[in-house]
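Structural overview
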Amino acid sequence: REEATSMMNRWNMTASRARRAATALVASHRSGARRIAHLTPRRAKRMPFALYGSVFPPAGPSAWVFAQRAAASFFSTEPASGKKCEATGEMVPPGSDHQHFRDTKHDHPLNIQKTWQNPTQNHVWTDEEIDERMKEFPQHTPVTFSDKVMYFLVKDVLYHGFNRLTGFDRTNPTARSCEWRLIILESVAGCPGMVAAGMRHFRSLRTLHRDHGWIHTLLEEAENERMHLLVCITMFKTGPVTRTVVIVGQYFIVAFLMLTYIINPKALHRFVGYLEECATQTYADLVKCVRTPGTHLYNDWKDLKAPQIAKNYWRMKDDAMWVDVLRNLFADETNHRDVNHTFADMKGDDPNPYVKKHLADAAKAWRKDGKK
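Since the structure is predicted, the reported quantities are computational estimates derived from the model, not experimental observations.

Conventions adopted
- Residues numbered from 1 in each chain as written.
- Predicted model: local features only at pLDDT ≥ 70, side-chain atom pairs only at ≥ 80, totals over all residues.
- Heavy atoms only, no water.
- Helix = DSSP H or I, 4+ residues; strand = E, 2+ residues; numbered from the N terminus.
- Buried < 20%, exposed > 50% of the residue type's maximum accessible area, 1.4 Å probe, protein only.
- Areas by Shrake-Rupley, 256 points an atom, 1.4 Å probe, with all protein chains shown as cover.
- Polar contact = N/O pair within 3.5 Å; in protein donor to acceptor, adjacent residues only side chain to side chain.
- Contact = heavy atoms within 4.5 Å.
- Expected span 1.5 Å × (residues − 1).
- Axes fitted to C-alpha atoms, helices over the stretch in contact; angles between N-to-C directions.
- Parallel < 35°, antiparallel > 145°, perpendicular 65-115°, else oblique.
- Left-handed = near helix turned anticlockwise from the far one by under 90°.
- Nonpolar A, V, L, I, M, F, W, Y, C, P; charged D, E, K, R; others polar.
- Patch = residues over 30% accessible without salt bridge, like charges linked within 9 Å, V, L, I, M, F, W, Y side chains within 5 Å.
- Salt bridge = Lys/Arg side-chain N within 4 Å of Asp/Glu carboxyl O.
- Phe/Tyr/Trp six-rings, centres within 6.5 Å; stacked < 30°, edge-to-face > 60°.
- Lys NZ or Arg CZ within 6 Å of the ring centre and 35° of its normal.
- pLDDT = per-residue confidence, 0-100.
- Core = buried A, V, L, I, M, F, W, Y, C linked by side-chain atoms within 4.5 Å.

1. Re the overall build of the protein
Looking only at helices and strands, the protein features 15 helices and 2 strands. Within the protein, the fraction of its 372 residues that count as buried is 41%. When the accessible surface of the protein is totalled, it reaches about 21,200 Å², and 58% of it is carbon and sulfur.

Shown next, in the form of structure tokens:
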């Protein structure tokens, strides 16, 4: 009964399903007790569950119990009941420790304040900087054969193909098509930087040579794109179809990126540069639609508040709106566009010209933190 009650509270199971799951789990532990301690079935049955549940592991294939738990969490599209995480604004299931800091009355042993902050500092954009970047959208003209191949792959195949697949209309997209699009694209955009950084990291170890600062910028790009994804999934629900597409797509895109970087690293950076050109155009279109009365996004998104995780990451004001988050997303993508097109024009052993920029971004963020 105690185990069934625990399952009902932690995994949002119905009473009948929780009883069946608890019965199977108890039977499995009893089987383990009989096998390991050579207990008779009668003695194993009389042993308190708290004792043999902590001492003896399950002996039988009670995988369906754990699969049921995983499925309940993985395929759930409804917001979980429980309290809201103060750091990210996400709903935390009862009894879960899936938050940046555990809920406890005790102070942190290292006297760290329990407010979430990303240790990898991104550039903190001002409104003037974003407005300046939204005035023009530079496009790289393919020169080499690999440039033309990547341009065709991104602009003609991926961009237009994905638009047709999702029903995305640049002039007046629906909120649903944008939600799905942002989650899929950001899950893909977080892969190239990590792949390139990992490849350069292992090459530096293998050749016993320095990397000249490229790894830091590539890791910052990967982390920045991952934060974009976290912001998006905080705002929008992800169903089983979306999660399946993300998982399957990651296998294919990572294999493609690794193979491309092994053969021609410049081609990969050019690929990402063209991809970011499309991303900047997409975010600019979304910002325009949110601010244009009569559009779908104006009706659905104009009153959305910025999530707390976005306010912390970009050092935004407390009254920031979702459209302000889209503007910061746009600015980040313009930076990745410029960085990757620059890397594609450089030799692999040239010093990274963006190292000083990272140091300046960190110093700027520290000054902002010091004023609080």
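2. Here's the deal with the side chain of Thr242
Considering the arrangement of structural elements, one finds Thr242 in helix α10 (residues 240-263). On the basis of relative accessible area, Thr242 is assigned to the buried category, the value being 5%. A distance of 2.9 Å separates polar atoms of two side chains, one belonging to Thr242 and the other to Trp180. Once residues lying within four places of it in the same chain are set aside, the contact partners of Thr242 are Trp180, Ile183 and Ile184.

3. Looking at unusual backbone geometry
Even without being glycine, Leu208 reaches a positive phi, approximately 60 degrees. If you trace the backbone, Leu208 turns up in the loop between α8 (175-207) and α9 (214-235). Look at Arg315: it is not a glycine, yet its phi comes out positive at around 55 degrees. Along the chain, the position of Arg315 falls in the loop between α13 (308-314) and α14 (322-345).

4. Section: helix α7 (residues 145-166)
With 22 residues, α7 extends 30 Å between its outermost C-alpha atoms, agreeing within 8% with the 32 Å of an ideal straight helix rising 1.5 Å per residue. Looking at the buried side of α7, the elements it contacts are α8, α10 and α11 (265-290). Of the residues trailing α7, Gly167 is marked for its positive phi of about 70 degrees.

5. A few points about α14
For α14, built from 24 residues, the straight-helix expectation of 34 Å at 1.5 Å per residue is met to within 8% by its first-to-last C-alpha distance of 35 Å. Burial analysis of α14 places 20 of its 24 residues in the buried class, the great majority of the element.

6. Details of the packing of α11 against α14
Running from N to C, α11 and α14 point in directions that differ by 160 degrees, and their axes come no closer than 8 Å. Overall, the two elements α11 and α14 adopt an arrangement that is roughly antiparallel. At the point where α11 passes α14, the crossing takes the left-handed sense. Of the residues belonging to the contact of α11 with α14, the class tally is 14 nonpolar, 7 polar and 8 charged.

7. Notes on a nonpolar patch on the surface
A cluster of nonpolar side chains, contributed by Ile247, Val248, Tyr251 and Phe252, occupies part of the molecular surface with about 470 Å² of accessible area. Turning to its location among the elements, Phe252 is positioned in helix α10.

8. Description of the environment of Asp349
With respect to the element layout, Asp349 can be found in the loop between α14 and α15 (355-371). Given a relative accessible area of 51%, Asp349 falls into the exposed group. Distance in space between the C-alpha atoms of Asp349 and Trp214 is 9.0 Å, their sequence separation being 135 residues.

9. Side note on the packing of aromatic side chains
Taken as a whole and assessed by the stated rule, the structure comprises 10 aromatic pairs. Both rings, one in Tyr151 and one in Tyr274, keep their centres 5.3 Å apart while their planes meet at 90 degrees; by these two values the pair is edge-to-face. Residue Tyr151 is located in helix α7, and its partner Tyr274 is located in helix α11; the two are separated by 123 residues in the primary sequence. Classification of Tyr151 as partly exposed rests on a relative accessible area of 30%. Ring pairing ties together the aromatic residues Trp214, Phe343 and Tyr354, which thus form one cluster. Across the ring face of Phe168, the terminal group of Arg181 is positioned such that the distance to the ring centre comes to 4.1 Å.

10. Overview of the confidence of the model for the protein
One rule of thumb: low pLDDT means the predicted coordinates there are not for detailed reading. Averaged over the protein, the pLDDT score is 79; the fraction of residues at 70 or greater is 65%. For the stretch residues 49-81, pLDDT sits under 50, and the model shows 61 contacts to residues farther than four places along the chain or on other chains. Note that residues 95-99 has pLDDT below 50 and, in this model, 6 contacts with residues that lie over four places away or in other chains.

11. Focus: the side chain of Thr217
Locating Thr217 in the fold gives a position in helix α9. Among the residues examined, Thr217 registers a relative accessible area of 3% and is labelled buried. Discounting residues that sit within four places of it in the chain, Thr217 has contacts with Val339, Phe343, Asn352, Tyr354 and His358.

12. So, the packing of α8 against α11
Put simply, α8 and α11 touch, their axes get as near as 11 Å, and they point 155 degrees apart. Looking at the two axes, α8 sits roughly antiparallel to α11. Here α8 and α11 pass one another in a crossing that is left-handed. In this structure, α8 contributes Cys178, Arg181, Leu182, Glu186, Pro192 and Ala196 to the contact, and α11 contributes Leu268, His269, Val272, Thr282, Tyr283 and Leu286.

13. Here's the deal with the nonpolar core
In terms of nonpolar packing, the biggest core is built from 34 residues, with Leu286, Leu297, Trp301, Trp314, Val325 and Leu326 touching the most fellow members. Of all elements in the fold, only α8, α9, α11, α12 (296-301), α13 and α14 reach the threshold of two or more residues within this core. No other element matches the 7 residues that α14 contributes to this core. If we ignore the near neighbours within four places in the chain, the residues touching Trp314 are Asn122, His123, Val124, Trp125, His228, Val231, Val325, Asn328, Leu329 and Asp332. Core analysis: the next-biggest nonpolar cluster, separate from the first, contains 23 residues, Cys191, Ala196, Tyr261 and Phe343 among them.

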